[in-house]
Amino acid sequence: MRKLAWAARGMSVVSGAVLLGALIAPSAVADNGPGSTADPNSSMAVGKKCGARDVSSAAPDYVSLSGVVFRVASDAQGNSFLNDSRSPGVWINLGALTDAPTCVIGTAASVTEAAEGRLVITLLTQNGTQHEAVCTTSGTAFAPSNIVAACGSGFTLLPNTPVMK
């Protein structure tokens, strides 16, 4: 009887350890995929975490884009993405833009209120630098095929960011 009790206790310890490992370990390994804003040659290679996930949004209120919402998000690997609500489920990798930052941990989005609106995307990186892209909005939804033209010069570094380490 003692042997059975010991074996049962041993099984519960092993089961608990396996369950704990399953809860702590990530459910899937991240894929950098094509056009990723995470540099595969950096210390942030496939499966490595860069920082926090973040999301922000902006909704223009001028007539031509009434009801549209622009969303910017970052994932744990530091990649950043843009969604235009006119294309549900389509997330555009912002790594396609010139000088896109890597290791993004924070996002911000805003829209100017003018006849030809501009979407301003600001990304905060793990090392505290901020990068900004200004994209021209239109009656056509942002898509991977038009994002580079809409955002012109891509990202620029905002100098003297106060949160730099």
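The structure presented is a predicted model; accordingly, all values stated were derived computationally and were not measured.

Student: Just give me the short version of the overall build of the chain, but keep the residues and values in it.
Tutor: Along the chain, the regular secondary structure elements total two helices and eight strands. Reading the secondary structure of the chain in the N-to-C direction produces α-β-β-β-β-β-β-β-α-β. For the chain, the residues scored as buried account for 36% of the 165 residues in total. When contacts within the chain are restricted to residue pairs at least 6 apart in sequence, those whose partners lie at least 24 apart make up 49%. A total accessible area of about 9600 Å² is found for the chain, and carbon and sulfur atoms account for 61% of it.

Student: An account of the side chain of Thr-125 is requested, with residue identities and associated values reported.
Tutor: Mapped onto the elements, Thr-125 comes out in strand β6 (residues 118-125). Engagement of the side chain of Thr-125 in a polar contact is seen with the side chain of Thr-129, the distance being 2.7 Å.

Student: Talk me through the confidence of the model for the chain; I want residue IDs and the actual numbers.
Tutor: Looking at the chain as a whole, its pLDDT mean stands at 76, while 68% of the residues score no less than 70. Here residues 4-45 scores under 50 on pLDDT; set against residues more than four positions off or in separate chains, the count is 40 contacts.

Student: Residues and numbers for the nonpolar core, please.
Tutor: Residues Phe-70, Leu-82, Leu-94, Leu-119, Ile-121 and Phe-142 are the most contacted members of the largest nonpolar core, which totals 23 residues. The residues touching Ile-121, leaving out its near neighbours within four places in the chain, are Val-72, Leu-82, Leu-94, Ala-108, His-131, Glu-132, Ala-133, Cys-135 and Phe-155.

Student: For the state of the cysteines, give the residues involved together with the corresponding values.
Tutor: A full pass over the atoms with the stated rule returns two disulfides. In this model Cys-50 forms its disulfide with Cys-103; the gap between the sulfur atoms is 1.5 Å. Note that Cys-50 is positioned in the loop between α1 (2-24) and β1 (54-58) and Cys-103 in the loop between β4 (91-93) and β5 (104-111), a separation of 53 residues in sequence. In this structure Cys-50 comes out as buried when scored by relative accessible area, which is 2%. On the basis of relative accessible area, Cys-103 is assigned to the buried category, the value being 10%. Cys-135 shares a disulfide with Cys-151; S-S distance 1.9 Å. With the S-S bond torsion at 100°, the cross-link from Cys-135 to Cys-151 turns out right-handed. Here Cys-135 is found in strand β7 (residues 130-136), whereas its partner Cys-151 is found in the loop between α2 (147-150) and β8 (156-158), with 16 residues between them in sequence.

Student: How would you explain unusual backbone geometry if you had to name every residue and give the values?
Tutor: Among all residues except glycine, the phi angle is most often negative; among peptide bonds, the trans geometry is most common. If you check the backbone angles, Asp-99 has positive phi at about 60° while not being a glycine. Inspection of the secondary structure puts Asp-99 in the loop between β4 and β5. Even without glycine at this site, Cys-103 takes up a positive phi of about 60°.

Student: Give me the lowdown on the pattern of salt bridges, citing residues and values where you can.
Tutor: Per the stated rule, a full pass over the model turns up one salt bridge. The residue Asp-84 makes a salt bridge to Arg-86 at a minimum N-O spacing of 2.7 Å. Its relative accessible area of 1% is what places Asp-84 among the buried residues.

Quick notes on the rules
Residues numbered from 1 in each chain as written. Predicted model: local features only at pLDDT ≥ 70, side-chain atom pairs only at ≥ 80, totals over all residues. Heavy atoms only, no water. Helix = DSSP H or I, 4+ residues; strand = E, 2+ residues; numbered from the N terminus. Buried < 20%, exposed > 50% of the residue type's maximum accessible area, 1.4 Å probe, protein only. Contact = heavy atoms within 4.5 Å. Areas by Shrake-Rupley, 256 points an atom, 1.4 Å probe, with all protein chains shown as cover. Polar contact = N/O pair within 3.5 Å; in protein donor to acceptor, adjacent residues only side chain to side chain. pLDDT = per-residue confidence, 0-100. Core = buried A, V, L, I, M, F, W, Y, C linked by side-chain atoms within 4.5 Å. Disulfide = S-S within 2.5 Å. Salt bridge = Lys/Arg side-chain N within 4 Å of Asp/Glu carboxyl O.

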